[in-house]
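# Geometric and topological summary
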Amino acid sequence: MMNICITFMKLEMATISSISASQSTGATTSLQTTLQQAKRTADQAESNAKSLEAQANQAQNAASSAQDYANSLSIQASQAQLNVGWTQQNLAAVETVGQLSSQISSVITNVVDAQQSKVSNTAASIPNAPVVNTQGQITGKIINTSA
């Protein structure tokens, strides 16, 4: 009976060893599968992070370009306002010159008319006026020579 017991024990030890080995192999395989899945998940997360970072960079570049464009438009608007101011000043100057020109023409016309009136009054009185020489002596009268 002693031999049977030992054999049984040996079988039992062999069975325990094989169970233990198969559990160890199963645990290792399960651990490797879990590690591989975790690595794939980490790689995918890293890829997603890089993609999001690239999108963020693109968005920042687009925002920077939009800001530059807005600044450019603001400068152009300011320059246009300056041009409007200069144009309004030039227009006012041209209007003033036009008014002055009209006023000067009116003054010249009035002066010419006054001179013509004075000349015709003087011409009518000249035939009766005495003629004075260069020494201030009265020498005679002017005779109307128009005929």
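Given the structure is predicted, the values throughout are model-derived calculations rather than measurements.

Looking only at helices and strands, the protein has 1 helix and 2 strands in total. Each helix and strand of the protein, placed in order from N terminus to C terminus, yields the pattern α-β-β. Buried residues in the protein amount to 0% of all 147 residues.

Before going further, it helps to examine a nonpolar patch on the surface. Together, Leu100, Ile104, Ile108 and Val112 line one region of the surface with nonpolar side chains, adding up to about 350 Å² of accessible area. Relative to the elements of secondary structure, valine 112 occurs in helix H1 (residues 2-125). Residue valine 112 is classed as partly exposed on the basis of its relative accessible area, which comes to 37%.

All right, on to the environment of threonine 139 then. Among the structural elements, threonine 139 can be located in strand S2 (residues 138-141). Setting aside its immediate chain neighbours within four residues, threonine 139 contacts Val131 and Asn133.

About the criteria used
- Residues numbered from 1 in each chain as written.
- Predicted model: local features only at pLDDT ≥ 70, side-chain atom pairs only at ≥ 80, totals over all residues.
- Heavy atoms only, no water.
- Helix = DSSP H or I, 4+ residues; strand = E, 2+ residues; numbered from the N terminus.
- Buried < 20%, exposed > 50% of the residue type's maximum accessible area, 1.4 Å probe, protein only.
- Patch = residues over 30% accessible without salt bridge, like charges linked within 9 Å, V, L, I, M, F, W, Y side chains within 5 Å.
- Areas by Shrake-Rupley, 256 points an atom, 1.4 Å probe, with all protein chains shown as cover.
- Salt bridge = Lys/Arg side-chain N within 4 Å of Asp/Glu carboxyl O.
- Contact = heavy atoms within 4.5 Å.

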